[in-house]
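One letter stands for each residue in the lines below.
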Amino acid sequence: MLRMDTWDAICARRNVRDYGDRPIAPEDLDRILEAGRRSPSSMNEQPWDFVVVTERDRLAALAGVWRYGAHIEGAAAAIALLSPLSEDADAREIFAFDLGQAAMSMMLAAADLGIGSCHSAIGEQPLARELLGFPADRECVIILSLGYPATRPLAGAASPDRRAFDDVVHRERW
């Protein structure tokens with residue numbers, strides 16, 4: 001099994017939308033889920049639930065919850081991240097931040113195992129609820145697709161497509 005240092009996983013992780021036809025071992029999927037479960041959250045509320053999907057038909061249907069979610073159909077697995085449903089804008093913002101941290105933890109854990117990932121928003125909440133069967137007091141916030149990259153394996157890019165360090169980093173003041 002491929003293992004990376006944390007920095008290598010950070011540098012190698014990229015959005016993968018085209019997956020090979022290879023299942024993810026259950027113990028690797030559990031490790032990715034455990035990374036999400038261990039993520040930090042505001043006041044340690046842990047406002048998340050995760051629904052794991054590996055059935056091909058359900059993955060294909062889940063690809064319809066967002067207009068840019070086609071990558072979910074070809075994935076070996078998907079993880080839906082759910083939060084409590086709330087009308088409180090502050091709570092929703094905190095939940096979104098906390099689930100974002102859980103998502104990134106899972107994506108880095110996946111990269112550590114050589115597994116690609118990509119995140120998806122949710123545009124069709126009723127369809128997500130129908131497919132995943134979560135209770136009325138929850139909403140689906142993010143879906144992660146997971147799988148082994150179909151083309152090039154995960155590896156650090158010598159010249160990543162990112163804004164220059166000095167354009168992004170401001171010290172003391174802008």
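Shown above is the structure to which this text applies.
Notes on the structure in this doc start here. (Residues numbered from 1 in each chain as written. Predicted model: local features only at pLDDT ≥ 70, side-chain atom pairs only at ≥ 80, totals over all residues. Heavy atoms only, no water.)

## Brief notes about the environment of Leu81
By the secondary structure assignment, Leu81 is in strand β2 (residues 77-84). Spatially, the C-alpha atom of Leu81 lies 10 Å from that of Ile122, the residues being 41 residues apart in sequence. (Helix = DSSP H or I, 4+ residues; strand = E, 2+ residues; numbered from the N terminus.)

## Considerations on helix α5 (residues 125-132)
Along α5, the residues that are buried comprise Gln125, Ala128, Leu131 and Leu132. Down the axis, α5 shows its buried residues gathered within 130° of arc, on one side only. Exposed residues pointing more than 90 degrees away from the buried face of α5 are listed as Pro126 and Glu130. On its buried face, α5 is in contact with β1 (49-53), α3 (56-62), β2 and β4 (138-147). The first or second residue beyond α5 is Gly133, which carries a positive phi of 70°. (Buried < 20%, exposed > 50% of the residue type's maximum accessible area, 1.4 Å probe, protein only. Arc of directions from axis to C-beta. Contact = heavy atoms within 4.5 Å.)

## Thoughts on the sheet that holds β2
As summarised here, the arrangement of the 4 strands in space is β1-β2-β4-β3, forming an open sheet in which the pairing is antiparallel. The sheet is open, and its two borders are formed by β1 and β3 (116-120), each paired with just one other strand. The average angle at which neighbouring strand axes cross in this sheet is 25°, direction not considered. As paired elements, β1 and β2 share 5 bridges and run antiparallel to each other. In the sheet register, Val51 faces β2, and the bridge partner there is Ala80. Sheet strands in contact with helix α2 (residues 26-37) are β1, β2 and β4, and its direction is about 160° off that of β1. (Pairing = 2+ DSSP bridges. Axes fitted to C-alpha atoms, helices over the stretch in contact; angles between N-to-C directions.)

## So, the pairing of β4
The buried fraction of β4 is high, at 8 of 10 residues. Both β2 and β4 contribute to a ladder of 8 bridges, which runs antiparallel. Looking across to β4, one finds that Ser83 is bridged to Glu139. Two strands pair when backbone bridges link them, and β3 and β4 are joined in this way by 5 bridges, in the antiparallel orientation. Across the sheet, residue Ser117 finds its bridge partner in β4, namely Leu146.

## A closer look at the nonpolar core
Residues Ile24, Ile32, Ile79, Leu81, Ile115 and Leu146 are the most contacted members of the largest nonpolar core, which totals 23 residues. Counting only elements with at least two residues in this core, the list comes to α2, β2, α4 (89-112) and β4. No other element matches the 7 residues that α4 contributes to this core. Contact partners of Ile24, with chain neighbours within four places excluded, come to Leu29, Ala76, Ala77, Ile115, Leu146, Gly147 and Tyr148. Within the second largest apolar cluster, 16 residues are counted, among which are Ala78, Leu82, Phe134 and Ile143. (Core = buried A, V, L, I, M, F, W, Y, C linked by side-chain atoms within 4.5 Å.)

## Concerning the side chain of Ser39
Position of Ser39 among the secondary structure elements: in the loop between α2 and β1. A residue is classified by how much of its surface remains accessible, and Ser39, at 5% relative accessible area, is buried. Within the structure, Ser39 has its side chain in polar contact with the side chain of Ser105 (distance 2.9 Å). In contact with Ser39, other than residues within four places in its own chain, are Trp48, Gln101, Ala102 and Ser105. (Polar contact = N/O pair within 3.5 Å; in protein donor to acceptor, adjacent residues only side chain to side chain.)

## Regarding unusual backbone geometry
The backbone phi angle of Met43 is positive, close to 50°, even though this residue is not glycine. Along the chain, Met43 falls in the loop between α2 and β1. Classification of Met43 by relative accessible area gives exposed; the value is 71%. Even without a glycine there, the phi angle at Gln46 is positive, about 50°. Along the chain, Gln46 turns up in the loop between α2 and β1.

Interpretation in functional terms is not warranted from these geometric data alone.
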